[in-house]
Amino acid sequence: MVFNSFTFIVFFAVILLLHNLPFSWKTKKVNLLLGSYLFYALWNPPFILLLWLSTVVDYYMARLIAVEQRQLRRKLLLTVSLVLNLGMLSYFKYGGFLLENFTALLSALGISFQAAKPDIILPVGISFYTFVTLSYTLDVYRRKFEPEPSFLNFALFVTFFPHLVAGPIVRPEDLMPQFHSPRRATAQQMSWGLFLLSLGLFMKVTVADGLLADTADLIFSLPFPVQMLDAWTGVLAFSSQIFCDFAGYSTCAIGVSLCLGFVLPDNFRYPYASIGFQDFWRRWHITLSTWLRDYLYIPLGGNRHGAFRTYINLMITMLLGGLWHGASWTFVVWGALHGLFLCVERIIRQTAGRRRTAAATQLAEGIVINQASLAPPVTSGSAFGQFMLAMLTLFFVNITWVFFRAPTFNGAMLLLLSMFGVIPNGGTMLTTTAIITVLTVTVVLIGCHWLLRNSSLSELSKRLPWWVMSLGWAVMLILVILTQKSSGSFIYFQF
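The rules we used
Residues numbered from 1 in each chain as written. Predicted model: local features only at pLDDT ≥ 70, side-chain atom pairs only at ≥ 80, totals over all residues. Heavy atoms only, no water. Salt bridge = Lys/Arg side-chain N within 4 Å of Asp/Glu carboxyl O. Helix = DSSP H or I, 4+ residues; strand = E, 2+ residues; numbered from the N terminus. Buried < 20%, exposed > 50% of the residue type's maximum accessible area, 1.4 Å probe, protein only. Core = buried A, V, L, I, M, F, W, Y, C linked by side-chain atoms within 4.5 Å. Domains from an automatic or database assignment. Contact = heavy atoms within 4.5 Å. Buried area = accessible area lost by both parts, 1.4 Å probe. Polar contact = N/O pair within 3.5 Å; in protein donor to acceptor, adjacent residues only side chain to side chain. Axes fitted to C-alpha atoms, helices over the stretch in contact; angles between N-to-C directions. Parallel < 35°, antiparallel > 145°, perpendicular 65-115°, else oblique. Nonpolar A, V, L, I, M, F, W, Y, C, P; charged D, E, K, R; others polar. Patch = residues over 30% accessible without salt bridge, like charges linked within 9 Å, V, L, I, M, F, W, Y side chains within 5 Å. Areas by Shrake-Rupley, 256 points an atom, 1.4 Å probe, with all protein chains shown as cover. Phe/Tyr/Trp six-rings, centres within 6.5 Å; stacked < 30°, edge-to-face > 60°. Lys NZ or Arg CZ within 6 Å of the ring centre and 35° of its normal.

(A) Seen up close, the pattern of salt bridges. Enumeration according to the criterion identifies 11 salt bridges in this entry. For Asp245, the salt bridge goes to Lys204, with nearest N and O atoms at 2.6 Å. Remark: Lys204 occurs in helix 9 (residues 187-221) and Asp245 occurs in helix 10 (residues 228-259); sequence separation between them is 41 residues. Comparing Asp245 with Lys204, the two get one shared label, buried.

(B) Local environment of the nonpolar core. Of all hydrophobic cores here, the largest spans 143 residues; its most connected members are Phe3, Phe157, Tyr272, Trp284 and Tyr492. Broken down by element, the residue count for this core peaks at 18 residues, all from helix 10. Residue assignment places this core across two domains, with domain 1 (6-183) and domain 2 (189-359 + 381-494) each supplying three or more. In this structure, Phe3 is in contact with Phe8, Phe39, Pro162, Leu201, Tyr249, Cys252, Ala253, Val256 and Phe490, ignoring residues within four places of it in sequence.

(C) Geometry of unusual backbone geometry. One non-glycine residue with positive phi stands out, namely Tyr270, at about 50°. With respect to the secondary-structure elements, Tyr270 resides in the loop between helix 10 and helix 11 (277-280). For Tyr270, a relative accessible area of 18% gives the class buried. Although it is not a glycine, His285 sits at a positive phi angle of roughly 45°. The exposure class assigned to His285 is buried, which follows from its relative accessible area of 0%.

(D) Examining the domain arrangement of the protein more closely. Taken domain by domain, the protein comprises domain 1 (6-183) and domain 2 (189-359 + 381-494). On a C-alpha basis, the centres of domain 1 and domain 2 stand 26 Å from each other. Counting residues at the interface gives 38 residues for domain 1, matched by 35 residues for domain 2. Of the roughly 3,200 Å² buried where domain 1 meets domain 2, counting both sides, 71% is carbon and sulfur surface. For the pair domain 1 and domain 2, the number of links is 1 salt bridge.

(E) Summary view of the side chain of Ser198. Topologically, Ser198 is positioned in helix 9. Given a relative accessible area of 8%, Ser198 falls into the buried group. Among the polar contacts made by the side chain of Ser198, one reaches the side chain of Trp473 at a distance of 2.9 Å. Not counting chain neighbours up to four residues away, the residues in contact with Ser198 comprise Trp473, Leu477 and Val480.

(F) Inspection of the packing of helix 4 (residues 71-108) against helix 13 (residues 307-325) at higher detail. Contact geometry for helix 4 and helix 13: axes closest at 10 Å, N-to-C directions at 100°. Compared by their axis directions, helix 4 and helix 13 come out roughly perpendicular. In contact with Lys93, Tyr94 and Phe97 of helix 4, helix 13 contributes Leu323, Trp324 and His325. Taken together, the residues of the contact of helix 4 with helix 13 break down into 4 nonpolar, 1 polar and 1 charged.

(G) Region of interest: a nonpolar patch on the surface. On the surface, Trp466, Trp467, Leu471, Val475, Ile478, Leu479 and Leu482 cluster together into a nonpolar patch covering about 780 Å² of accessible area. Tracing the sequence through the fold places Leu479 in helix 20 (residues 466-483). Leu479 gets classed as partly exposed once you look at its relative accessible area, which sits at 31%.

(H) Main features of the side chain of His449. With respect to the element layout, His449 can be found in helix 18 (residues 432-452). Judged by its relative accessible area of 2%, His449 falls in the buried class.

(I) Just the packing of aromatic side chains, in detail. Under the defined criterion, the tally for this structure stands at 59 aromatic pairs. With centroids separated by 3.9 Å and ring planes inclined at 15°, the aromatic side chains of Phe131 and Trp291 adopt a geometry described as stacked. One end of the pair, Phe131, is in helix 5 (residues 126-141); the other, Trp291, is in helix 12 (residues 286-300), with 160 residues separating them in the sequence. Note on Phe131: relative accessible area 7%, which makes it buried. Here the basic side chain of Lys93 rests over the ring of Trp324, its NZ or CZ set 5.1 Å away from the ring centre.

Here it is as structure tokens:
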């Protein structure tokens, strides 16, 4: 089931009704759990068994880990959880990819090997709920979080339908305590939650699918070069599409949860106004980036063992982050580029920091220094300078999106060459209307991100007159209804 369907409207109305009837808190949680299983099972019922298996194993492994005092036994119990969760994820998500590359390797060595193509269906949401259960077991192992005594609470934590299939990736401290006492949305929470649900659907249905998807799909599917303007338009279309689609889902999830009285963590904070890649990953898919930081980058050593190890740890983290998104070398390249950009940015920041420190030392000693040679680039501290740095960051982000979206590595390289005019005489594929539409959406999106980068939509709503918010809400709902027929599944369902 997806948020942008009439089935979900009926489902959500029933869930809201049951949640607000005078039942006991335990009964309401059972209703939410059963509703969550139904929400997932309507896609492919047999795969709910994987969800149950992961839930049961991690619940009991965490309880055993918490009471076990022998370190070796604790590690063995943790290994059971890791092998189960990562094993399922590896088989369903990477089984075909590993077999394909193994066959290619044997062929390169001159060994003829033909394996039957595996008929593996990727369960929706497995990448997300696997990380949710793993964070719980790892936190219990590190004695950061006590095991949850109630199986009902833990099962609901894992399967709570708003975040189940595409995040946000919740931690135990994010959601579990909210199941300990009765929750019911206040009037303000209900209205704001419904507004966020409407906004998320507008981003997905009207903008991502209605205005951008066709252009992005056309340009990325072409097996031949195109004109530079068409190439850039296609990439910008996908850049805006992936944000509106994924952030739209997260916004819907947060809004739906709020209508039930629960609060989910933010997943996006205006990433297209990021100043640098470090800032980008503080704003894009926040729950994934913080998960990778806390459960991969820091355990690898983080930045505690010198510059070289820091860069290695960054590259490993981003390579695995890229592979998390999909079983393809294009995703690995996408992650590698982000890792490379983070390393280069870190080098630049550290070099600039050392120069400022040296300059301060020399000035303190009374040495006359050429101030211009020590100053930062012109306007870098001004709003205009920051905006230009944000646009430079966005330029490189769009380069990486080519590998994220292209179906093959060769297709990505062909599009990149078209973007920079290396391949002459490319064909013209897009209409003027399509180009204007994409550019308009891109400019509006960047403008909104820049204006709100240090604020929030909630704060903005408090400053605007009520009738402005009501008018905007009404317009979004009308446009969602008019464009619903062209809407498809969320992009991150395939991850």
